[in-house]
Amino acid sequence: MASRRPFRWLRMLVLLLGALVFLFPFYYMVVGSLQSEPNTSLGGVFPTSGLTFENFAQINDRVDLLRSLVNSGIFTGGVILGTIVFGVLAGYALARLHFRGQGSLFAAMLLVQIVPFQLLIIPIYVMIVRSYGLADSYLGMILPFAINSTAVFIFRQFFLQLPEDLFAAARLDGASELRILWSIALPLVRPAIVTAALLTFIGPWNEFLWPFLVTKEADLQPLAVSLANYISNVAGRAANPYGAILAGAVVLAAPAVALFVAFQKHFTSSDLGSGVKG
């Protein structure tokens, strides 16, 4: 045991250094957003004075941050809801129902992941805006992201881990597939739901291109679009352009970081074995 202690301390030191390297950009982003004057020297990394919230106040004067946050919340919440609902249904069908073409359908779903969204953005824009008339609407922003093949894959893998005896016993009792899914499968895959929600959250929260294309009204634009417009049109004329840009980055990143920190333990928690005795 004594011979292993130096290696354990070395491992802890390496992990600590890695954590510091990872956290430094976030630290510099926050510190830079609080500086009243731009300071790109090494002294700006550890400022001793001149910290202010003026950069955030300037953003709030030009951009309705509360309204933009609400828009981002509605957009992101709608995408997460659609991802979980359709992901659970599709994942359960691919994992627990047996039908012709099941393997081909799963392979096609995996192939969809290699197709970049930008390749399909023009036909999707024509369909959403011209065919459905959903420009300048929350539904128009949400629909292209409502189904996520990655979430379907996550739910399928979790459902495959569940003991077959649970489903066999429920079917013998006359339970329908929807009842089995709601009462038996879903309570056991709560870690998958949290994982899918967290992995999905970061995409629509930071999404810029699609909301920028389908929303022309400022009152409907999410935070990423509003901040991009501010940075491109106003930040350059601010007293501290670097501080204004970093303040915008802090506003956009803070909710995502807080959510991941609050729910990170759910990535590893699981109750898959709690439903079977013996």
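Because the structure is predicted, anything quoted here is derived from the model rather than measured.

Novice: So, the side chain of Thr-215: which residues are in play, and what are the values?
Specialist: Secondary-structure assignment places Thr-215 in the loop between helix H11 (209–214) and helix H12 (223–233). Classification of Thr-215 by relative accessible area gives buried; the value is 1%. Within the structure, the side chain of Thr-215 is placed 2.3 Å from the backbone oxygen of Pro-211, a separation counted as a polar contact. In this structure, Thr-215 is in contact with Asp-136, Met-141, Leu-220 and Gln-221, ignoring residues within four places of it in sequence.

Novice: Go over the pattern of salt bridges with me, naming the residues and quoting the values.
Specialist: Overall, the coordinates contain 3 salt bridges when judged by the stated rule. Among the salt bridges present, the one from Arg-96 reaches Glu-164, with a minimum N-O distance of 2.4 Å. Of this pair, Arg-96 sits in helix H3 (residues 65–96) while Glu-164 sits in helix H8 (residues 164–172), and the two are 68 residues apart along the sequence. With relative accessibility at 41%, the residue Glu-164 sits in the partly exposed group. Measuring nitrogen to oxygen at the nearest pair gives 3.8 Å for the salt bridge that ties Glu-164 to Arg-171. Residues participating in the shared-partner salt-bridge network are Arg-96, Glu-164, Arg-171 and Glu-177.

Novice: Can you lay out the environment of Ala-228 for me, pointing to particular residues and giving the numbers?
Specialist: With respect to the helices and strands, Ala-228 occurs in helix H12. Each C-alpha atom of the pair Ala-228 and Phe-212 lies 9.7 Å from the other, and the pair is 16 residues apart in sequence.

Novice: Describe H12, listing the residues and the values that go with them.
Specialist: Regarding H12, the residues found buried are Leu-223, Ala-224, Val-225, Ser-226, Leu-227 and Tyr-230. Check the buried side of H12 and you find it contacts helix H2 (54–62), H3, helix H10 (190–206), H11 and helix H13 (241–263).

Novice: With reference to specific residues and values, describe the packing of aromatic side chains.
Specialist: Under the counting rule described, the total for this entry stands at 14 aromatic pairs. Centre to centre, the rings of Phe-117 and Phe-145 are 5.1 Å apart; their planes meet at 35 degrees, and the pair counts as tilted. Placement of Phe-117 in helix H5 (residues 117–131) and of Phe-145 in the loop between helix H6 (138–142) and helix H7 (149–161) is noted, with a sequence separation of 28 residues between them. Taking 6.5 Å as the distance between ring centres and 85 degrees as the angle between the ring planes, the aromatic pair formed by Tyr-125 and Trp-210 counts as edge-to-face. Separated by 85 residues along the polypeptide, Tyr-125 in helix H5 and Trp-210 in helix H11 bring together distant segments of the chain. Note on Tyr-125: relative accessible area 27%, which makes it partly exposed. An aromatic cluster is defined as three or more aromatic residues linked by ring pairs; in this entry it consists of Phe-75, Phe-117, Tyr-125, Phe-145 and Trp-210.

About the criteria used
- Residues numbered from 1 in each chain as written.
- Predicted model: local features only at pLDDT ≥ 70, side-chain atom pairs only at ≥ 80, totals over all residues.
- Heavy atoms only, no water.
- Helix = DSSP H or I, 4+ residues; strand = E, 2+ residues; numbered from the N terminus.
- Buried < 20%, exposed > 50% of the residue type's maximum accessible area, 1.4 Å probe, protein only.
- Polar contact = N/O pair within 3.5 Å; in protein donor to acceptor, adjacent residues only side chain to side chain.
- Contact = heavy atoms within 4.5 Å.
- Salt bridge = Lys/Arg side-chain N within 4 Å of Asp/Glu carboxyl O.
- Phe/Tyr/Trp six-rings, centres within 6.5 Å; stacked < 30°, edge-to-face > 60°.

Fair warning: the whole summary comes from geometry, so function is off the table for now.
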